[in-house]
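Structure assessment
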Amino acid sequence: MDNIEQRVKELHKLLYDYGYAYYVLDDPIVPDAVYDQYLHELIALEEQNPNLIFPDSPTQRVGAVVSEGFKKVTHTTPMLSLSNAFNEEDLRDFDRRIVGLIDETPAYVCELKIDGLAISLLYVDGILVRGATRGDGTTGEDITTNIKTIRAIPLRLKDPVTIEARGEAYMPKASFQKLNEERAERGEELFANPRNAAAGGLRQLDPKMAASRNLSMFVYGMGETEDVNIDRHSEALQYFKVQGLPTNKETRKCASIEEVLTFIEEWTTNRNELPYEIDGIVIKVDDYAQQEELGFTAKSPRFAIAYKFPAEEVVTTIIGIDLTI
Ligand code: NAD
């Protein structure tokens, strides 16, 4: 094995171990910025050496294996991840690629990237019948009883429609602070961040645990649908709202990449004022026909991208090592 292949294998192992701790145990062993750094090293090596893209590479898969203990759910339409942008140039590349492929300037919808976990809600004839995690994108965990403890999620929609709504379950900052204060009083270990406390709460077998975490949710995407005729993402968001589902009000339709950049700038400044954590901005092509034309890669749609905020200055000690980012 040459050096590059050896490094690729090393990165697979590191990313799998970190991914397992993060996605399955809800207890990360390195900060996200460290995970992202290794992932981007792997992406760069794969771009330069396409013969080293193995089907089991972390770049080709979403999330991690689902844990035992829950009934499994198959997502007929996969729940994918998003490709990332870290700066203006990445966003302009994204826009140029899209314009090149569809031959027109699309309208975009910008949304806050909520730092929680992706959930699918299935309503049959207007009644909530199933809540599931994303899992590995194809197979998730049935967490219906836990989902029903989230008050923001209606058990019945306004109309008796059959739809699958997807979104992010999250822990508001106030719930997180209260939870950690209570844990400190009991001498229990504190949670590192709201995302892991939310994911851990929803993946407990005892629904009382989920209820005690005081979680919430924002819906941001349509999965499998019958009955509804919608042509644009912005229409889907409006439809969710009418049906009584929680949508995020800080969403903006943008006519150009310049407007997208302005939205990002605004939230880079204001993000800390929100009552929940966000780790970036998600940009999606609005028109479903254009989305379809653009299609998907193995892991993510070509019609959307997640801009990640730069890592804030953190010094974390994990497993006895000082990690300064
Ligand atoms: P991602 O977080 O980069 O983006 C995709 C996800 O964004 C979606 O699945 C959805 O859950 C979420 N999202 C939030 N708001 C959204 C919106 N408005 N519209 C659409 N999606 C929205 O991808 P990922 O595959 O879930 O995970 C990667 C992230 O997890 C990275 O930030 C990475 O650093 C972190 N991670 C960390 C570790 C670690 O060890 N610290 C390990 C694995 C992954």
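Residue positions are given per chain, counting from 1 as you read along its sequence in written order. Owing to the predicted nature of the model, reporting of local features is limited to residues with pLDDT of at least 70; listing and counting of side-chain atom pairs is limited to 80 or more, with chain, interface and lining totals taken over all residues.

The chain appears in an unreviewed UniProt entry as DNA ligase from Psychrobacillus insolitus.

The next thing to look at is the nonpolar core. Structurally, a nonpolar core is described as a collection of buried Ala, Val, Leu, Ile, Met, Phe, Trp, Tyr and Cys residues joined by way of C-beta atoms within 7 Å. Exposure criterion: with C-beta atoms placed from backbone coordinates, a residue whose C-beta has 20 or more other C-beta atoms within 10 Å is buried, one with 12 or fewer is exposed, and one in between is partly exposed. A169, A198 and I283 are the most contacted members of the largest nonpolar core, which has 61 residues in total. Those residues within four positions of I283 in sequence are excluded, and the remaining contacts are Y108, C110, V260, A304, I305 and Y307. Two residues qualify as being in contact provided that their C-beta atoms, derived from the backbone, are within 7 Å of each other.

According to the domain assignment, the chain consists of domain 1 (1–60) and domain 2 (61–324). Domain extents, as shown, originate in an automatic or database domain assignment. Computed over C-alpha atoms, the centres of domain 1 and domain 2 are 23 Å apart. Contacts between the two partners involve 15 residues from domain 1, matched on the other side by 18 residues from domain 2. Helix numbering and strand numbering both begin at the N terminus, where a helix is a DSSP run of H or I of at least 4 residues and a strand a DSSP run of E of at least 2. At the level of elements, α1 (3–24) and α2 (32–48) are the ones that each hand at least two residues to the side of domain 1 that touches domain 2. With 4 residues, α1 is the single largest residue contributor to the side of domain 1 that touches domain 2. By residue class, the composition of the side of domain 1 that touches domain 2 is 10 nonpolar, 3 polar and 2 charged. Three categories are distinguished: nonpolar for Ala, Val, Leu, Ile, Met, Phe, Trp, Tyr, Cys and Pro, charged for Asp, Glu, Lys and Arg, and polar for the others, with Gly belonging to the last.

Strands were regarded as paired on the criterion that DSSP finds at least two bridges between them. As paired strands, strand β4 (residues 117–124) and strand β5 (residues 127–133) are joined by 6 bridges and run antiparallel to one another. The partner of S120 across the bridge, within β5, is A132. Counted along the chain from β4 to the antiparallel partner β5, the turn is 2 residues long, and its residue D125 has a positive phi close to 50°.

Turning next to the UniProt feature "active site" (unreviewed entry) in the chain. UniProt positions are given in the numbering used here, feature names are shortened, and annotations may be inferred rather than shown by experiment. Per the UniProt record, "active site" (unreviewed entry) is annotated on K113. Along the polypeptide, K113 turns up in strand β3 (residues 108–114). The class of K113 is buried, set by 22 C-beta atoms lying within 10 Å.

As summarised here, the arrangement of the 4 strands in space is β5-β4-β7-β8, forming an open sheet in which the pairing is antiparallel. Each of the sheet's edge strands pairs with one partner strand only, and the pair in question is β5 and β8 (216–225). Pairwise comparison of adjacent strand axes, ignoring direction, gives a mean angle of 30° for this sheet. For helices, the fitted line uses only the C-alpha atoms of the stretch in contact; every axis is such a line through C-alpha atoms, and the angle between N-to-C directions lies from 0 to 180 degrees. Across the sheet, helix α6 (residues 194–202) is in contact with β4 and β7 (163–170); its angle to β7 comes to roughly 130°.

Let's shift gears to helix α5 (residues 173–185). For α5, with 13 residues, the first-to-last C-alpha span of 18 Å sits near the 18 Å given by 1.5 Å per residue. Residues of α5 that are buried sit in contact with α6. Positive phi shows up at G187, right after α5, with a value of about 70°. An expected span of 1.5 Å times one less than the residue number is assigned to each helix.

Further remarks concern the packing of helix α3 (residues 88–102) against helix α9 (residues 257–270). The contact between α3 and α9 brings their axes to 10 Å, and the two run at 145°. Every pair of crossing elements has a handedness; the one defined by α3 and α9 is right-handed. Along its contact with α3, which presents E88, L91, R92 and D95, the element α9 presents I257, V260 and L261. What makes a crossing left-handed is the near helix being turned counterclockwise from the far one by less than a right angle; a clockwise turn instead makes it right-handed.

Here we come to the pairing of β8. Counting buried residues along β8, 7 of its 10 residues qualify, which places the element largely inside the surrounding structure. Of the strand pairs in this sheet, β7 and β8 are connected by 7 bridges, and their pairing is antiparallel. Residue pairing for β8: Y170 is matched across the bridge by S216.

Let's shift gears to the sheet that holds strand β2 (residues 84–85). Pairing in this open sheet of 5 strands is mixed, and the strands run β2-β11-β10-β3-β9 from one edge to the other. Since the sheet does not close on itself, it has two edges, and those belong to β2 and β9 (252–254), each with one partner.

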